[in-house]
Amino acid sequence: MFFFDAHIDTLSRLLQDSQNLRENQGHVDLAKLRQNKQGAQFFAAFVSPRYYHGQALHRTMEMIDLFWQWMTDYPQDLAFAGSGREAAEIRSGGRMACFLGIEGGEALEGQLFNLRMFYRLGVRLLTLTWNHRNDLASGQGEGLHGGGLSLFGQAVVAEMNRLGMLIDVSHLNEPGFWDVLRLSKSPVLASHSNARALCDHPRNLTDQQIQALADQGGVIGVNFCPYFLKKDQPATVDDVVEQVMYLVNVGGIQCVGLGSDFDGIDQTPLGLEHYGKTMDLADSLMDRGLSADHVEKIMGGNLMRICCTVLN
Ligand SMILES: [Zn+2]
């Protein structure tokens, strides 16, 4: 079964560790990506805090270049997708549709023209914040007192709507989340977040957030990070299934997707040790009594739907 994962950090991981896609020590490599032939993937250019204040744009460009190098180096397997339509064409040709995103509005360095330039370079998703406050908004690390979107953050939301980009609210604090939902004219994505009712962590979404996002046609990618899945460790593939089932119950089948966070997390659930194992999740979901149609939506159909809706 095909899957479409909303968030992996392989670009930043491999750049940081000076390793390559063909062979590396991380969660994702070319052989594992090949197992998701005819699938789709969002590659996040994660801007690490060490590059804030001067190097964020520079570092992001380096990751975008690496993404395009992969498209050039492995044309048999990978192809850039800028829209749902392009992704469908690529998948029907037997290749993986590769979408590009940026994790951290620091990359914009306070300028809307950088957002437009990123779009021209293929970027179709922006996670507005990481865990800290930036020019756009405050990450969940700042708590409720961080406030909502700045004027610049509001302008970014409007420009992303205009361009046809996915606004990603994972990592955002609650006031910022509600501002985005109020302002965005398009459905919104939480690319790698879980339900707070099952695991009380500020990175996770409350029931009200899940329902509001689902009501607007949004999608939530379940994060495999053990510390966002459950309080007591170790976490297993069953805990991912629990998160999926909970989101289905609270937000409905249409809002649930996957956002593994592979290569961005130090530990993984038992049974989901690397990218190649994600396909096994489909069997676990079937075992829980979900229909094949519902499993397909969770594994990637819902994420593909929001890409078709939002990306021009
Ligand atoms: Zn993240």
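The structure this text deals with has already been given above.
Just so we're clear, the structure is a prediction, and the values are computed from it rather than from any experiment.

Most of strand β1 (residues 4–8) is tucked away: 5 of the 5 residues are buried. Examined bridge by bridge, β1 and strand β2 (residues 40–46) share 3 bridges and lie parallel to one another. Across the sheet, the residue bridging to Ile8 is Phe43, located in β2.

With that settled, the discussion passes to the packing of helix α10 (residues 237–251) against helix α11 (residues 280–287). Contact geometry for α10 and α11: axes closest at 10 Å, N-to-C directions at 60 degrees. Looking at the two axes, α10 sits oblique to α11. Crossing geometry of α10 relative to α11 is assigned as right-handed. Every residue of α11 that contacts α10 at Val237, Val240, Val241 and Val244 is listed here: Leu281, Ser284 and Leu285.

Time to look at the environment of Gln209. Note that Gln209 resides in helix α8 (residues 207–215). Judged by local crowding, Gln209 falls into the buried class, with 23 C-beta atoms found within 10 Å. For the pair Gln209 and Gln154, spaced 55 residues apart in the sequence, the C-alpha separation amounts to 19 Å.

Let us now look at the environment of Ser291. Here Ser291 shows up in the loop between α11 and α12 (292–310). For the pair Ser291 and Phe99, spaced 192 residues apart in the sequence, the C-alpha separation amounts to 28 Å.

It is worth spelling out the nonpolar core at this point. Membership of the largest hydrophobic core comes to 93 residues, with the highest contact counts inside it found for Phe43, Phe99, Ile167, Ile220, Val240, Val244 and Leu247. If sequence neighbours within four positions are ignored, Val244 has contacts with Val222, Val256, Leu285 and Ile298.

Taking 1.5 Å per residue, 15 residues should reach 21 Å; α10 reaches 21 Å between its end C-alpha atoms and fits that length. In terms of burial, α10 is a largely internal element, 11 of the 15 residues being buried. Within α10, the full set of buried residues consists of Val237, Asp239, Val240, Val241, Glu242, Gln243, Val244, Leu247, Val248, Val250 and Gly251. Positive phi appears at Gly252, one or two residues downstream of α10, with a value of about 95 degrees.

Looking now at the packing of helix α5 (residues 112–120) against helix α6 (residues 151–163). In contact at an axis separation of 10 Å, α5 and α6 are set at 30 degrees when each is read in the N-to-C sense. With respect to each other, α5 and α6 are oriented roughly parallel. In the packing of α5 onto α6, the handedness of the crossing is right-handed. Across the interface between the two elements, Leu112, Leu115 and Tyr119 of α5 pack against Ala155, Val156, Glu159 and Leu163 of α6. Partitioned by chemical class, the residues of the contact of α5 with α6 number 6 nonpolar, no polar and 1 charged.

About the thresholds
- Residues numbered from 1 in each chain as written.
- Predicted model: local features only at pLDDT ≥ 70, side-chain atom pairs only at ≥ 80, totals over all residues.
- Buried ≥ 20, exposed ≤ 12 C-beta atoms within 10 Å, placed from the backbone.
- Helix = DSSP H or I, 4+ residues; strand = E, 2+ residues; numbered from the N terminus.
- Pairing = 2+ DSSP bridges.
- Axes fitted to C-alpha atoms, helices over the stretch in contact; angles between N-to-C directions.
- Parallel < 35°, antiparallel > 145°, perpendicular 65-115°, else oblique.
- Left-handed = near helix turned anticlockwise from the far one by under 90°.
- Contact = placed C-beta atoms within 7 Å.
- Core = buried A, V, L, I, M, F, W, Y, C linked by C-beta atoms within 7 Å.
- Expected span 1.5 Å × (residues − 1).
- Nonpolar A, V, L, I, M, F, W, Y, C, P; charged D, E, K, R; others polar.

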